[in-house]
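# Residue-level structure breakdown
Now for the letters of each chain:
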Amino acid sequence: MKKYSKLIIFAIVALIFIGTFVFLWQKSQPKEVVYNEFTPQLDSIQKTTIITGKIEPRNEVNVKPQISGIIAELYKEPGDYVKAGDVIAKVKVIPDMNQLSSAEMRVRLADINLKQAQTDFNREENLYNQKLVSADEYDKSKQALNQAKHEKMAAEDALEVIRDGVSKSNANASSTLIRSTISGVILDIPVKVGNSVILSNTFNDGTTIATVANMNDLIFRGNIDETEVGQLVNGMNMKITIGALQDLKFDAALEYISPKAVESNGANQFEIKAAVKLVEGGKIRSGYSANAEIVLARADKVLSIPESAIEFSGDSTFVYVIKGEGKEKSYERTQVETGLSDGVNVEIKKGLTAKDKVRGPEKITDDNE
């Protein structure tokens, strides 16, 4: 019994050894190389590039105060539509004490002069009624009285402007009321009630009360690499896709190419602008990130093959034309002239016909099969 058991164990070990040997031998045998095969096709090839950028209003205006002071009231919010002249905010004036003191002094002097002019006129009028003074003397006193009245009114207006920022005589044109200078949508109001604001002068740009833009006139702004900018011309059509609005695409027309490059991440790039043609129902917001697809070159109805079938050697390009079939199959290295490429397919100008077949890259097979 033990003898038979030993024989069985020996047979099993021998089978495992032989099976392993056969398996390793089969794996070591060279496999037949199988290639993909392609037939040239008539196709349209276009070279495109994607430009990243953002959507902006063409005209974006910062509304600033004409006087310094404190924001007393805000009448609008971001997103509101305003017309040119609409009031956005009201400023409470903080008067300069020196100017205020001078204005108050001017009012007091004007009041004194007016009282004196009134006294002189009353005296002259009494004498004129008694025919003791000439009409000329009477007219001069009347004119002096009128001048004194106007001087007091002017002094009081000046005091009100310095103290309150507005006078009764020019209330409609008050500089304390901050008005929009254009019609459009309010994009931002960076101030709050109680904030101090200053007018623009030689030393600073002034405080921005609101930013207003016409959202019906938008542009796409982006940068393109120097290797591609030479293929652009004004008027070229672009397809704009906005990241936040994947279902909507917009046409745009290229209208500006910067004459000067800017360096970005070590590469020279040129700024471009394109006028966006809005689609009805597409609500665009300022600052949306966007991609612009632009066709740099196009070739219609040309012979093409996958670029993976091309062999590059220096300045020359070659393909392997298939000759024969089955065991008689061979590959003839043939020089071709290529044209436009879209990164997948390439135009063949010379060296192939639509009847030829070319060898592509080697087929990848699963070693476990």
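Residues numbered from 1 in each chain as written. Predicted model: local features only at pLDDT ≥ 70, side-chain atom pairs only at ≥ 80, totals over all residues. Heavy atoms only, no water.

## A look at unusual backbone geometry
Trans peptide bonds make up most of the peptide bonds, and negative phi angles are found at most residues other than glycine. With a phi close to 55°, Asn265 is a non-glycine residue in the positive phi region. Of note, Asn265 is situated in the loop between strand S13 (245-264) and strand S14 (267-277). Judged by relative accessible area, which is 82%, Asn265 ranks as exposed. Its identity is not glycine, yet Lys301 carries a phi of approximately 50°, on the positive side. Take Lys301: it is sitting in strand S15 (residues 289-306). (Helix = DSSP H or I, 4+ residues; strand = E, 2+ residues; numbered from the N terminus. Buried < 20%, exposed > 50% of the residue type's maximum accessible area, 1.4 Å probe, protein only.)

## Concerning the sheet that holds strand S8 (residues 184-188)
The strand order across the open sheet built from four strands is S3-S10-S8-S5, with neighbouring strands paired in antiparallel fashion. Bordering the open sheet on either side are strand S3 (60-63) and strand S5 (81-82), each of which pairs with just one other strand. Both S3 and strand S10 (residues 210-213) contribute to a ladder of four bridges, which runs antiparallel. Paired with Val63 across the two strands is Ala210, which belongs to S10. (Pairing = 2+ DSSP bridges.)

## Focus on the packing of aromatic side chains
Tallied over the entire structure, the rule returns one aromatic pair. Ring centres 5.6 Å apart and planes at 35° place the aromatic pair Phe121 and Tyr138 in the tilted group. With a gap of 17 residues between them, Phe121 in helix H2 (residues 97-129) and Tyr138 in helix H3 (residues 135-164) connect regions that are remote in the sequence. Side by side, Phe121 and Tyr138 carry an identical accessibility label, which is buried. The residue whose ring lies beneath Arg333 is Phe318, and the NZ or CZ to ring-centre distance is 3.7 Å. It is Arg359 that lies over the ring of Tyr320; its NZ or CZ is 4.2 Å from the centre. (Phe/Tyr/Trp six-rings, centres within 6.5 Å; stacked < 30°, edge-to-face > 60°. Lys NZ or Arg CZ within 6 Å of the ring centre and 35° of its normal.)

## Overview of the layout of surface pockets
Space inside the largest pocket adds up to approximately 340 Å³. What lines the largest pocket is a set of 17 residues, and nearest its centre among them are Val185, Met215, Lys283, Ile284 and Arg285. Per element, the largest residue contribution to the lining of the largest pocket is four residues, and it comes from S8. Broken down by class, the residue content of the lining of the largest pocket amounts to nine nonpolar, six polar and two charged. (1 Å grid on protein atoms, 1.4 Å probe; cavity = no way out; pocket = protein on both sides within 12 Å on 5 of 7 lines; lining within 4 Å. Points joined across faces, edges and corners; volume = space filled by probe spheres on them. Nonpolar A, V, L, I, M, F, W, Y, C, P; charged D, E, K, R; others polar.)

## With respect to a nonpolar patch on the surface
Together, Ile8, Ile12 and Ile16 make up a nonpolar patch on the protein surface, roughly 300 Å² of accessible area in all. Its location among the elements puts Ile16 in helix H1 (residues 2-28). The class of Ile16 is exposed, set by a relative accessible area of 54%. (Patch = residues over 30% accessible without salt bridge, like charges linked within 9 Å, V, L, I, M, F, W, Y side chains within 5 Å. Areas by Shrake-Rupley, 256 points an atom, 1.4 Å probe, with all protein chains shown as cover. Salt bridge = Lys/Arg side-chain N within 4 Å of Asp/Glu carboxyl O.)

## Thoughts on the side chain of Glu124
Following the sequence through the fold, Glu124 ends up in helix H2. Despite its burial, Glu124 pairs with no opposite charge, the nearest such side chain being Arg123 at 5.9 Å. When neighbours within four sequence positions are excluded, Glu124 is seen to be in contact with Val133, Glu137, Tyr138 and Ser141. (Lys, Arg positive; Asp, Glu negative; His and termini not counted. Contact = heavy atoms within 4.5 Å.)

## With respect to the nonpolar core
Nonpolar side chains in soluble globular proteins tend to be buried together. Residues Ile55, Phe220, Leu232, Met238 and Ile240 are the most contacted members of the largest nonpolar core, which totals 26 residues. Secondary structure elements with two or more residues in this core: strand S2 (41-57), strand S11 (218-225), strand S12 (237-242), S13, S14 and S15. With residues near it in sequence (within four places) discarded, Ile240 still touches Ile55, Phe220, Leu248, Lys249, Phe250, Ala252, Ala290, Asn291 and Ala292. (Core = buried A, V, L, I, M, F, W, Y, C linked by side-chain atoms within 4.5 Å.)

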